[in-house]
Every structure is written in structure tokens, then in C-alpha cells.
Amino acid sequence: MLHLKKAGIGVLAGLLLLLLMGMTVPSEVKQDKVILIAGDNNFPPFEYFGSSGVFSGFNVDIMNAISIETGMRIEFVPLPWNEALEALRDGQVDAIQGMKYSPARDKMYDFSTPYFLSSQGIFVRKENMHIFELGDLNGRKVSIQKGDIAIDQLRDHRLIQFIETDS
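Rules and cut-offs
Residues numbered from 1 in each chain as written. Predicted model: local features only at pLDDT ≥ 70, side-chain atom pairs only at ≥ 80, totals over all residues. Heavy atoms only, no water. Helix = DSSP H or I, 4+ residues; strand = E, 2+ residues; numbered from the N terminus. Buried < 20%, exposed > 50% of the residue type's maximum accessible area, 1.4 Å probe, protein only. Contact = heavy atoms within 4.5 Å. Areas by Shrake-Rupley, 256 points an atom, 1.4 Å probe, with all protein chains shown as cover. 1 Å grid on protein atoms, 1.4 Å probe; cavity = no way out; pocket = protein on both sides within 12 Å on 5 of 7 lines; lining within 4 Å. Points joined across faces, edges and corners; volume = space filled by probe spheres on them. Nonpolar A, V, L, I, M, F, W, Y, C, P; charged D, E, K, R; others polar. Pairing = 2+ DSSP bridges. Right-handed = clockwise from strand over helix to strand, strands pointing away. Salt bridge = Lys/Arg side-chain N within 4 Å of Asp/Glu carboxyl O. Expected span 1.5 Å × (residues − 1). Arc of directions from axis to C-beta.

Q: Residues and numbers for the overall build of the chain, please.
A: For the chain, the helix and strand inventory stands at 7 helices and 11 strands. Each of the 167 residues in the chain was classed as buried or not, and the buried ones make up 38%. Of the contacts made within the chain by residues no fewer than 6 positions apart, 54% connect residues no fewer than 24 positions apart. In the structure as shown, the chain presents an accessible area of about 10,200 Å², 55% of it carried by carbon and sulfur atoms.

Structure, rendered in C-alpha cells:
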């Protein structure tokens, strides 16, 4: 189970705690508190603004289902990923959805059991025949999302020049 914890994208265990707390509080009390949940504003199909302008996606659907099942009131706070992380760290939101587990993040946050497994990848142009593994990125420019888990994974490769993007 620990292996799955390390490999998956998970909602913070704080949400699980909030769920458990919500199940023991009378419904008229838990209805008063609105749980603020940050998420990436541009990470389809998990979190994104649909063509109608409504915040949508797989993670949003899961949180809405939890809200319906438990009676908890939630409000989404869609932000660029790095700002969502800052909002959680600064206490501006109660939780964040869709954060991938890492040992470094585990020192700061509590994680729930993952509900989705994914892996990271290196994407290069089709004609590139020189990059096959992380070490091959040394001395190269790498585009990466601000606050992304890949920064943790590439931290030891100090020769990589990062070009940080919002999404």
C-alpha cells in the first residue's frame, strides 16, 4: 500500500480528515462551514475551465460527489498550480485536489490514499535521438510547470536549465 501511496495522485489526507469530521457533526453544523479546495486551473482532463466557463474535470467530479454524499459545502478555488500550492501552504484554502505524492511534499502535507496512478514522462521532438533518461537532460533547457512534481525529481540534476511555465 505504501508503494501505491508514493506512485499516485492523491487528494490531501486533510480531505479525508474533513470527511471523517463531517460525518460526526450534525448536518446543520457542517452546512455552515464552506471547505475551500484549490486546484489547477488548466490541467485537463482533471481540472480545467470548460467551454461554458465552469470549473470541470475528473478531480472536480470526485470532490462534488464527496460533497453530495457527506453534505459538506465546498467551494473550488482554481489557480495556476504554483499559486494553488502557495494558497494551501499559506492557509488561504483548506485543501488542494490532485497533488501527486513525493517524500518532500509528505513532509509538508498529509495525503489521502491515492485514487489515480500516473507517471511522469520526458517528451522530446520526434527526431531527437539523444534523450532517453533523466541524466540526458543535463546541459539542456527543460520546460516545466511552476510547482510541478518534476522539479522535485530533477533537483539532483543541477546542470538542467529550467524554463518555468504557468501550465
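Further notes follow.
Q: Give a description of the layout of surface pockets that names residues and reports values.
A: Regions of empty space are outlined by a rolling probe, equal in size to a water molecule, passed over the atoms. In this structure, the largest pocket spans a volume of roughly 1,100 Å³. Surrounding the largest pocket, 35 residues form its lining, Gln120, Gly121, Ser143, Asp148 and Ala150 being those nearest its centre. With 5 residues, strand β10 (residues 141-145) is the largest single contributor of residues to the lining of the largest pocket. Looking at the lining of the largest pocket residue by residue, the class counts come to 16 nonpolar, 12 polar and 7 charged. One number sums up the size of the second largest pocket: a volume of about 210 Å³. Of all the secondary structure elements, the ones that give two or more residues to the lining of the second largest pocket are α5 (81-89), α6 (103-106) and α7 (149-154). Per-element tally for the lining of the second largest pocket: the top contributor is α7, with 3 residues.

Q: Any chance you could break down the pairing of β10 for me, citing the residues and the numbers?
A: As judged from the 5 bridges shared by β10 and strand β11 (residues 161-165), these two strands associate in the parallel manner. What sits directly across from Ser143, in β11, is Ile163. Following the chain from β10 across α7 to the adjacent parallel β11, one finds a crossover that is right-handed.

Q: How would you sum up the sheet that holds strand β3 (residues 42-43)? Please name residues and give values.
A: What the 3 strands build is an open sheet, ordered β3-β4-β5; its pairing is antiparallel. Of all the strands in the sheet, the pair left with one neighbour each is β3 and β5 (55-56). The pairing of strand β4 (residues 47-49) with β5 spans 2 bridges and is antiparallel. Note on β5: the bridge partner recorded for Phe49 is Phe55.

Q: Tell me about the pattern of salt bridges, and please be specific about residues and values.
A: In total, this model carries 2 salt bridges according to the counting rule given. Measuring nitrogen to oxygen at the nearest pair gives 3.4 Å for the salt bridge that ties Lys33 to Asp94. On the criterion of sequence distance, the pair formed by Lys33 in the loop between α3 (27-30) and β2 (34-40) and Asp94 in the loop between α5 and β7 (95-96) is long-range, its members being 61 residues apart. A relative accessible area of 34% places Asp94 in the partly exposed class. Between Lys146 and Asp166 there is a salt bridge; the shortest N-O distance is 3.2 Å. Residue Lys146 is found in the loop between β10 and α7, and its partner Asp166 is found in the segment after β11; the two are separated by 20 residues along the sequence. We classify Lys146 as partly exposed; its relative accessible area is 27%.

Q: Please give an account of helix α4 (residues 58-70) that cites residues and values.
A: The first and last C-alpha atoms of α4 sit 18 Å apart over 13 residues, in line with the 18 Å expected at 1.5 Å per residue. Those residues of α4 lying buried are Asn59, Val60, Met63, Ser67 and Thr70. All buried residues of α4 project into a common sector of 110° when viewed along the axis, lining one side. Turned more than 90 degrees from where α4 packs its buried face, Asp61, Ile68 and Glu69 sit exposed. Two residues or fewer after α4 comes Gly71, characterised by a positive phi angle close to 85°.

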